[in-house]
Amino acid sequence: MLKAVLLQLGATLLATAIAAFFFGLRGAISAAAGGMACALPGWVFALRLRMLAKRSGASVAAFVVGELIKVVSIVGLLALILVLYPDVHWGALLIGLILALKANLFAFLVKT
């Protein structure tokens, strides 16, 4: 699960570089914020699952509750970004968010 978070961070760096090239500093900040809004809750979710697996074994209910908390956290962080950085570049934010979300698809291709 942590390799998926590392892939999300890599995708966020890629999105930041792409946005910096096309949109400048404002786009780079927006893309980084969008990617991190996805990567940070994913990291917390992965740590929570690791602790549950070591303690008593992860159940389906724990996974579903953790995933729900992760989704609510992503939405909350995106709202916080809009409040703290009103000059956000929407295209760059979406690039960062989408690349970070889709990075999980490649986690199965990376060998441990």
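Look up: the structure comes first, before these words.
Chains are numbered independently. Their residues run from 1 in the order of the written sequence. For this predicted model, a pLDDT threshold of at least 70 governs which residues receive local features, and a threshold of 80 or more governs which side-chain atom pairs are given and counted, while totals over whole chains, interfaces and linings are taken from all residues. Note that the side-chain values use all heavy atoms of the structure and ignore hydrogens as well as water.

**Some thoughts on the overall build of the chain**
- Numbered from the N terminus, helices here are DSSP runs of H or I no shorter than four residues, and strands are runs of E no shorter than two. What the chain contains, in helices and strands, is 3 helices and 0 strands.
- In the chain, the succession of helices and strands from N to C terminus is α-α-α.
- Overall size of the chain, expressed as C-alpha extent along the three principal axes, is 50 × 35 × 15 Å.
- For the chain, the share of sequence-separated contacts (at least 6 apart) that also reach a separation of at least 24 residues comes to 74%.
- For the accessible areas, the method is Shrake-Rupley and the probe is 1.4 Å, while residue cover comes only from the protein chains on display. On the chain, roughly 7000 Å² of surface is accessible, and the fraction owed to carbon and sulfur atoms is 79%. The contact criterion used throughout is that any non-hydrogen atoms of two residues lie within 4.5 Å.

**Some details on a nonpolar patch on the surface**
- The patches reported here contain residues having more than 30% relative accessible area and no salt bridge. Joining distances are 9 Å for like charges and 5 Å for nonpolar side chains (Val, Leu, Ile, Met, Phe, Trp, Tyr). Any carboxyl oxygen of Asp or Glu that lies within 4 Å of a side-chain nitrogen of Lys or Arg is treated as forming a salt bridge with it. Among the surface-exposed residues, Leu6, Leu9, Met36, Leu40, Trp43, Val44 and Leu47 lie close enough to one another that they form a single nonpolar patch of about 600 Å² accessible area.
- Judged by its relative accessible area of 59%, Leu6 falls in the exposed class. Relative accessible area decides the class of each residue, using a 1.4 Å probe on protein chains only: under 20% of the type maximum gives buried, over 50% gives exposed, and in between gives partly exposed.

**With respect to the pattern of salt bridges**
- For the structure on display, the rule yields 2 salt bridges.
- When the shortest N-O distance is used, the salt bridge between Arg26 and Asp87 registers 3.6 Å. Placement of the pair is Arg26 in helix H1 (residues 2–55) and Asp87 in the loop between helix H2 (60–84) and helix H3 (90–102), with a sequence separation of 61 residues.
- Its salt-bridge partner being Lys70, residue Glu67 comes within 3.4 Å of it at the nearest N-O pair. Of this pair, Glu67 and Lys70 both sit in helix H2, 3 residues apart, which is roughly one turn of that helix.
- The partly exposed category is assigned to Glu67, whose relative accessible area is 26%.

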